[in-house]
Every structure is written in C-alpha cells, then in structure tokens.
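In case you want the letters, here they are:
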Amino acid sequence: MSKEQAYYVPHGTYWPIIGSIGIAMLFVGFANQMHGVEWGGSVMALGFAITVFMMFGWFGQVVNESISGIYNSQVDRSFRWGMSWFIFSEVMFFAAFFGALFYARQLSVPWLGGADNNIYTPELWNGFKTGWDAVAFTTPGTTLQSGVEMSVPTQLVNTWGLPALNTLLLLLSGVTLTFAHHALRAGHRNQIIGWLVATIALGVAFLGFQIMEYGHAYHDGLKLTSGIYGSTFYLLTGFHGFHVTVGVIMLTVILYRIQKGHFTADNHFGFEGVAWYWHFVDVVWLGLFIFVYWL
Amino acid sequence: MGVFMTEVLVVLVILAIMVALGFGLLGLLKGGKAGSDRMFKSLVIRVSLSIALFLFVMFSGYMGWIQSNIVMLDAPTKQTPVQK
C-alpha cells in the first residue's frame, strides 16, 4: 500500500457524540430559556460547558496527532478542503445579512413609502413616513405588532468617531498579521510572537470600542426595536463582533502553538487557516463600514 | 469628483479586495510552497488595497464627494435628516 493510500482515521473517537450532546443541550436550553421555562438556563449553561470541553479535547487531540507526524499529505488536503467549506458557509452567512441590508434599504423601505407604484402606505396607516435613517422618521410611542414600544434614538453614532477608529484598528491588525505571516515564512520566531501579540491587542481594542459604541447607541435609544435600521445594525455588527471574538481566541491559540514550536517555515496550515479567517473578518468590517455608514 | 464616480470607484476597489482574498483562499486550498506563496502575496495585496480604500473613503467624506448615511447627530426634532 502506498503512503498516499494510508489515510489516517482515528478509531473509537468519542468526541462527535459528546459534541452532539453539548450542542443539542445548548439549543434546547436556549429555546426553553426564551420561553421562560425554569430549567432552560441551567441546561443551556451545561450544554455550553460540554461544547467548550469537546472543543478543547477534540482540537487538542488533533494538534497532538499533527505534531506526532501521523498525518500525511492526504490528511493535509482534507484539512484545507474542510477550511474552505467552512469559509464558504461564512461567506454565505454574511452575504445573506448584507442582502437583507440592501433589500431593506433599496427596495422594501421605498416600497412602503409608495415607490414603484406599490400601495401608498400613508393611506393605510395615517402618519406613516419612510426613510432609511428610519429612526428619524419614527413617531415616538409607536407600538410594534409584538406589543413592544418602538425605541426612537435621540442621536446616532458619529461615523467619524468610533466606527472610523475601529476600522483603522482592524485594518492595522491586518497589517501586523501580515508581518507575523512574513516572519513565520522567514523563520523569525520572536518577530512572529511580537506581531501576533500586536494583532491580538488590536482585536481586543476593537471589541472594547465596539462594546463602548453599543453602550452609547443603546443609551441614546438605538435598540433592536428601532425599526429595520436598528435590527439590521445590531444583526450585522453583532455577528461581526462575534466573529472577531472567535478570531481573537483562534489567534491566541496560534500564539500558544507558536511558543510551543508547533509550526515551521514550510508547514503551518493552522496559522494560514486562522490568518485567512482574520483577513476575511477584516474585509467584512470594511464592507460594513462602507455600506452601513457611507454608501 | 462626483458622488457617482466616487461610489463606483469604491465598489470597484471592494470587488478587487474580494478577488485578492479569493486568490488567497485558492492558495490556502492548494497548499505546498506554491500555494503558500500565492496566499501570502494575495493577502499583502488585500491589506494594501483595504488601507488605500479606507483612506480614500475618509478623504472623500472630508472633501464632500460622498456623505455619511448617518447624518442625524442631534435629536430628530432639532435637525432634519438629509435624504440621500
């Protein structure tokens, strides 16, 4: 049997079933928590703990198998394909959210205002006005269909303030990560560590400012109940913030692995996968900054 | 520079950034020395274009070639929002 055919398959692994149980408990608990069931929160927390345990255990096992040298080029290819399909799902994820932004802003909101010969809504609902900065056109005290009172902000985030600063921070993190990548390919270990620490610090700073921006926006009344603008704003920036958080965790793991000497100048797929993910998250934010705040 | 031209240019650069990122992904998928080189070069192009685009957008905003979507910085009763 040639080396190419000797595909490594771990026998008797228990991680998939542990992961399935953890994720199922997480979602069942979350759904019941949303419906006010007493045990919902506890089951959700337990499911989360089991999922984190599974990730530590499973990923740790894969790392140990990788550094023990039992993976061949075929396994390497399967990792690369796995990463690519994960990225594909992420691209589709964000494409749907950007699609929702464009659809609401360019089509459905103008239609509600009577564009393209649709029914002119003010005739159906007295006093209705439309506009993308929808919050500005909302009458305070409007009650949504769900019975929740619509929140009308008194002011919005200044584009030139925190959003611009955060964009700069994230773009700089792309630069420092590129320097780390270059240092890794050149075999300069100390430089990699320095640039990676800088990248992580910039990511953490981004998250800190994002939390601050949310605090300001929420305090000023921009909430999920602030019409289509409020819900789209929090959906897009919230999911992006979640991705930055995951990226920071992944970069921290890579930093730990570099300190342990897991990567060489020629063999560092783990670093490449995480680096590409970070560049992707960076580009998504640039798109958000330009399309939400500018175009 | 007019609003339309500025917006077209911004969208074109965003598309170029996505193409560079896509080439980086192809390099990651390919692997080996050639794939690694392609990935690194593509990501350098992506970072350079991104920073250039950010600076251009901020400069365009400063020059008034484009206006921020979010113009309402005071209470709605104090300032009328500008319709785009």
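Residues numbered from 1 in each chain as written. Chains lettered and ligands numbered in written order. Predicted model: local features only at pLDDT ≥ 70, side-chain atom pairs only at ≥ 80, totals over all residues.

**What about the overall build of chain B?**
Move 1: In terms of helices and strands, chain B carries 2 helices and 0 strands.
Move 2: Expressed as a percentage of its 84 residues, the buried residues of chain B come to 29%. (Helix = DSSP H or I, 4+ residues; strand = E, 2+ residues; numbered from the N terminus. Buried ≥ 20, exposed ≤ 12 C-beta atoms within 10 Å, placed from the backbone.)

**Here's the deal with the domain arrangement of chain A**
Residue and element names in this part refer to chain A.
Move 1: Assigned domains within chain A: domain 1 (1–71) and domain 2 (74–293).
Move 2: Opposite the 6 residues of domain 1 that make contact, domain 2 presents 4 residues.
Move 3: Residue composition of the side of domain 1 that touches domain 2, by class: 5 nonpolar, no polar and 1 charged. (Domains from an automatic or database assignment. Contact = placed C-beta atoms within 7 Å. Nonpolar A, V, L, I, M, F, W, Y, C, P; charged D, E, K, R; others polar.)

**Points about the UniProt feature "transmembrane region" (unreviewed entry) in chain B**
Residue and element names in this part refer to chain B.
Move 1: Following the UniProt record, the feature "transmembrane region" (unreviewed entry) maps to residues 6–31 and 43–65 here.
Move 2: Taken end to end, residues 6–31 is 96% helix and 0% strand, and its first and last C-alpha atoms sit 38 Å apart.
Move 3: Secondary structure over residues 43–65 splits into 91% helix and 0% strand, and the C-alpha atoms at its two ends are 29 Å apart. (UniProt positions renumbered as here; feature names shortened; annotations may be inferred.)

**Concerning the confidence of the model for chain B**
All names here are of chain B.
Move 1: Residues with a pLDDT of 70 or more make up 82% of chain B, whose mean pLDDT is 83.
Move 2: Note on residues 71–84: pLDDT is under 50 here. Beyond four places in sequence and across chains, it has 21 contacts.
Move 3: Of the two predicted TM-score estimates for the complex, the pTM is 0.86 and the ipTM is 0.84. (pLDDT = per-residue confidence, 0-100.)

**A closer look at the packing of helix α7 (residues 227–259) of chain A against helix α8 (residues 269–293) of chain A**
Residues and elements named next belong to chain A.
Move 1: Contact geometry for α7 and α8: axes closest at 10 Å, N-to-C directions at 155°. Considered as vectors, α7 and α8 are oriented roughly antiparallel to each other. Both α7 and α8 take part in a crossing whose hand is left-handed. Here α7 contributes Phe233, Leu236, Thr237, His240, His243, Val244, Gly247, Met250, Leu251, Ile254 and Arg257 to the contact with α8, which in turn contributes Gly270, Phe271, Val274, Tyr277, Trp278, Val281, Val284, Trp285, Leu288 and Val292.
Move 2: Considering only residue class, the contact of α7 with α8 consists of 15 nonpolar, 5 polar and 1 charged. (Axes fitted to C-alpha atoms, helices over the stretch in contact; angles between N-to-C directions. Parallel < 35°, antiparallel > 145°, perpendicular 65-115°, else oblique. Left-handed = near helix turned anticlockwise from the far one by under 90°.)

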